[in-house]
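Inside the fold
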Amino acid sequence: MKRAIFPGSFDPLTLGHYDIIKRGITLFDEVIVAIGVNSDKKYMFTLDERKAFIEKAFADEPQVKVLTYKGLTVDFCKEIDVEFILRGLRNPADFEFEKAIAHANRSLATIETVFLLTSAKTSFISSSIVRDVIKNHGDYTKFVPNSVRVK
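Thresholds applied
- Residue indices follow the written sequence of each chain, beginning from 1 at its first position.
- Under the rules for a predicted model, residues below a pLDDT of 70 receive no local features and side-chain atom pairs below 80 are neither given nor counted, while totals for whole chains, interfaces and linings still include all residues.
- Hydrogens and water are ignored here; the side-chain numbers use all heavy atoms of the structure.
- Note on conventions: DSSP H or I runs of at least 4 residues are helices, E runs of at least 2 residues are strands, and numbering of each starts at the N terminus.
- The size measure is the radius of gyration over C-alpha atoms, and the globule rule it meets is 2.2 Å times the number of residues to the 0.38 power.
- Contact between two residues is taken to exist if any of their heavy atoms lie within 4.5 Å; hydrogens are not considered.
- In this description, accessible areas are obtained by the Shrake-Rupley approach with a 1.4 Å probe, and a residue is regarded as covered only by the protein chains that are shown.
- Relative accessibility under 20% of the residue-type maximum defines a buried residue, over 50% an exposed one, and the middle range a partly exposed one, all with a 1.4 Å probe and only protein chains included.
- Strand pairing follows a simple DSSP-based rule, namely that at least 2 bridges must link the two strands.
- The crossover handedness rule: strands pointing away from the viewer, path from first strand over the helix to second strand clockwise, crossover right-handed.
- The predictor attaches a confidence to each residue, called pLDDT, with possible values from 0 through 100.
- When we speak of the arc, we mean the arc of directions from the helix axis to the C-beta atoms.
- The term salt bridge refers to a pairing of a side-chain nitrogen on Lys or Arg with a carboxyl oxygen on Asp or Glu at a separation within 4 Å.

This next bit is on the overall build of the chain. Looking only at helices and strands, the chain has 5 helices and 5 strands in total. Along the chain, from the amino end to the carboxyl end, the secondary structure elements read β-α-β-α-β-α-β-α-β-α. Taken against the 2.2 N^0.38 rule, which gives 15 Å for 151 residues, the C-alpha radius of gyration of the chain at 15 Å falls within 12% of a compact globule. When its C-alpha atoms are laid out on the principal axes, the chain stretches across 45 × 35 × 30 Å. When contacts within the chain are restricted to residue pairs at least 6 apart in sequence, those whose partners lie at least 24 apart make up 77%. With the model as given, the accessible surface of the chain reaches about 8500 Å², and the carbon-plus-sulfur share is 53%.

Note: most peptide bonds trans; most residues except glycine with negative phi. Pro-12 follows Asp-11 through a cis peptide bond whose omega is 0°. With respect to the element layout, Pro-12 can be found in the loop between strand S1 (3-8) and helix H1 (15-24). Phi is positive for His-137, which is not a glycine, with a value near 60°. By the secondary structure assignment, His-137 is in the segment after helix H5 (127-135). A relative accessible area of 74% means that His-137 is categorised as exposed.

For the rest of this paragraph, the subject is the pairing of strand S3 (residues 64-70). Bridge analysis of strand S2 (residues 30-37) against S3 gives 7 bridges, and the strand direction is parallel. When the bridges of S3 are listed, Ile-32 appears paired with Lys-65. Crossover S2 to S3 through helix H2 (residues 47-57) is right-handed.

Okay, the confidence of the model for the chain next. Summary statistics for the chain give a mean pLDDT of 95 and a share of 100% for residues scoring 70 or more. Within the chain, the element-level pLDDT minimum falls on helix H4 (residues 92-108), averaging 92, and the maximum on S1, averaging 98.

Attention shifts here to H2. What H2 keeps buried is the set Arg-50, Phe-53, Ile-54 and Ala-57. In an axial view of H2, the angular spread of the buried residues amounts to 90°, which keeps them on one side of the axis. In H2, the exposed residues that point more than 90 degrees away from the buried face are Asp-48 and Lys-56. Here the buried face of H2 lies against H1, S2 and S3.

The subject of this paragraph is the pattern of salt bridges. This structure, assessed with the given rule, holds 12 salt bridges. Among the ionic contacts, a cluster of salt bridges with common partners joins Arg-3, Glu-30 and Lys-65.

Quick look at the structure:
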């Protein structure tokens, strides 16, 4: 069975993330959305909220699992016996950043990174843009799946 993790903070889940996950399940038997926990980072949404957003968005997709982890992504891959990391690329800067991480991961373990280009309609969306829109009381709903709702 081919399994991949799609790691990130998902603060919050965006339509760009959603698109990559949906396309990922056509390539892999299982996609594990892996929410990384970084105690030094300030999140807008709690870990439980972020996990719930993803689980609700993919409630009808049994190939999608949601897990949380701390530490290096490559170590988590080894821990859960996953050989692929799925990543989305929006632009050339993403590619350069992700390429360096992929090379580092490959030097630490037998992990292959699979890159998917984001769709043109979601390539400008980032979680930081969504957070900024939310903070400024804008209409964030056009950038996130229906499962993401601010109280």
